[in-house]
Amino acid sequence: MDAETLPYALDLVASSGVCLSPEKRASLRNSLLLVRRDYRFEQVLLWGRIQGIRGAYYIAEGLGPDRAGIRSRLYRWLEWCGLESSATPSEEIIAMTAGLKGRFQGDPSYEYESPEKKEEGERPYEEEPLVKEELRLVATIHQIDQEVGIVPRGAYVKSPLGPVHVNRSFEGLSLTEAKKLSSYFHFTEPVKLKNKTLLEKADLDPAIDFLDSLEHDIPKGSWSIQVERGSRIVVLRSLLWPGLTFYHVPNTKQHGYIYFGNGEKNIDLPFML
């Protein structure tokens, strides 16, 4: 959610349990605007909050000219701090944190025992490597963005040279289109699109249709679409990552998503549908 319109945007997703006091909203907005000034970002977004047992992490994202390019991420614990390897976590970090289960502690310096089994032949008295919670935070944010970070079709355009920019001519989806999963894209490197044949790509606009659509997400039924406030707002909620809420006001440029959860994926979803 854009820091500029944060109080208004939070009102639109309040039905999902994203509730902050007026004082907290004002404090977050002001601090995010200071982050944008100090770090010289073009835009700063409130990504969301991951609630731990002893505290919560507020996450912010700083954007540059290329909206699909590298994102700088910061978290607020006592104050705003840059996340280690915040752009894209390495495969090593993802592997180290993949087996970690349970709630976050809410302390970035907390250390988990590595879930990886000891390699055969390892001495029994050697200590297993420890994983800091900050690394787990980096990997979790990246995974949520990759799997459920979404945008409306047409909100961004890809230039022939590669960079992705905000589509200034985008005036929002119609209410009819806004109620379709095919009208929303994953805002990450496409996978399914690359596997399509030239015939399947014939009707696509390469400047707009350069991302994967939600309509073929697995498992089917992992998204809930609801029209609220007398058809004035369309809300999508992820059942795979409970706490992820996307909103769009039809026929306007207003859209965004926010995550308010405990950082745990619903791995039982395929058995629940």
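Report follows, based on the coordinates. (Residues numbered from 1 in each chain as written. Predicted model: local features only at pLDDT ≥ 70, side-chain atom pairs only at ≥ 80, totals over all residues. Heavy atoms only, no water.)

Time to look at the packing of aromatic side chains. Within this structure, the stated rule accounts for seven aromatic pairs. Measuring from centroid to centroid gives 5.6 Å for tryptophan 47 and tyrosine 259, while their planes differ by 40°, and the two rings are tilted. Of this pair, tryptophan 47 sits in strand E1 (residues 43-51) while tyrosine 259 sits in strand E14 (residues 255-261); the two residues are 212 residues apart in sequence, bridging distant segments of the chain. Both residues of the pair, tryptophan 47 and tyrosine 259, belong to the buried class. Look at tyrosine 57 and phenylalanine 104: their rings are 6.5 Å apart centre to centre, the planes differ by 75°, and that puts the pair in the edge-to-face class. With a gap of 47 residues between them, tyrosine 57 in strand E2 (residues 56-63) and phenylalanine 104 in the loop between helix H3 (91-97) and strand E5 (111-113) connect regions that are remote in the sequence. With respect to burial, tyrosine 57 and phenylalanine 104 carry one shared label: buried. Members of the aromatic cluster, connected to one another through ring pairs, are Tyr57, Tyr75 and Phe104. (Phe/Tyr/Trp six-rings, centres within 6.5 Å; stacked < 30°, edge-to-face > 60°. Helix = DSSP H or I, 4+ residues; strand = E, 2+ residues; numbered from the N terminus. Buried < 20%, exposed > 50% of the residue type's maximum accessible area, 1.4 Å probe, protein only.)

All chains considered together, the criterion is met by 13 salt bridges. For glutamate 61, the salt bridge is made with arginine 73, and the minimal N-O distance between the two is 3.0 Å. Of the two residues, glutamate 61 sits in strand E2 while arginine 73 sits in strand E3 (residues 72-76), which places them 12 residues apart along the sequence. On the basis of relative accessibility, which here comes to 2%, the residue glutamate 61 falls in the buried class. A cluster of three or more residues bridged by salt bridges with shared partners is formed by Glu61, Arg71, Arg73 and Asp145. (Salt bridge = Lys/Arg side-chain N within 4 Å of Asp/Glu carboxyl O.)

What follows is about unusual backbone geometry. Of note, the bond from isoleucine 218 into proline 219 is cis; its omega dihedral lies within 30 degrees of zero at 0°. Relative to the helices and strands, proline 219 resides in the loop between strand E10 (184-186) and strand E11 (223-228). Backbone geometry places arginine 229, a non-glycine residue, at a positive phi of 55°. Mapped onto the elements, arginine 229 comes out in the loop between E11 and strand E12 (233-238). For arginine 229, a relative accessible area of 41% translates into the label partly exposed. The phi dihedral of asparagine 251 is positive, around 65°, even though this residue is not glycine. Positionally, asparagine 251 belongs in the loop between strand E13 (244-248) and E14.

Its 16 residues place the ends of helix H4 (residues 133-148) 22 Å apart at the C-alpha level, agreeing with the 22 Å of an ideal helix rising 1.5 Å per residue. Judged by how many residues are buried, H4 sits mostly within the fold: 13 of 16 residues are covered. (Expected span 1.5 Å × (residues − 1).)

What follows is about the side chain of arginine 71. Along the chain, arginine 71 turns up in the loop between E2 and E3. The exposure class of arginine 71 is buried, given its relative accessible area of 13%. Engagement of the side chain of arginine 71 in a polar contact is seen with the side chain of glutamate 61, the distance being 2.6 Å. (Polar contact = N/O pair within 3.5 Å; in protein donor to acceptor, adjacent residues only side chain to side chain.)

Here E11 pairs with E12 via six bridges, running antiparallel. Residue pairing across strands places serine 224 opposite arginine 237, the latter belonging to E12. (Pairing = 2+ DSSP bridges.)

On to the environment of leucine 20, then. Here leucine 20 is to be found in the loop between helix H1 (6-12) and helix H2 (22-39). The class for leucine 20 is buried, based on a relative accessible area of 12%. When the C-alpha atoms of leucine 20 and lysine 180 are compared, they prove to be 30 Å apart, with 160 residues separating the residues in sequence. Discounting residues that sit within four places of it in the chain, leucine 20 has contacts with Leu10, Arg25, Leu28, Arg49, Tyr58 and Phe260. (Contact = heavy atoms within 4.5 Å.)

Trp47, Leu137, Tyr184 and Leu236 are the most contacted members of the largest nonpolar core, which has 36 residues in total. When residues of this core are traced back to their parent elements, those giving at least two are E1, E2, H4, strand E7 (150-152), E10, E12, E13 and E14. For this core, the element with the most residues is H4, which contributes five residues. Ranked by size, the runner-up nonpolar core spans 26 residues in total, among them Ala3, Leu10, Tyr58 and Val235. (Core = buried A, V, L, I, M, F, W, Y, C linked by side-chain atoms within 4.5 Å.)

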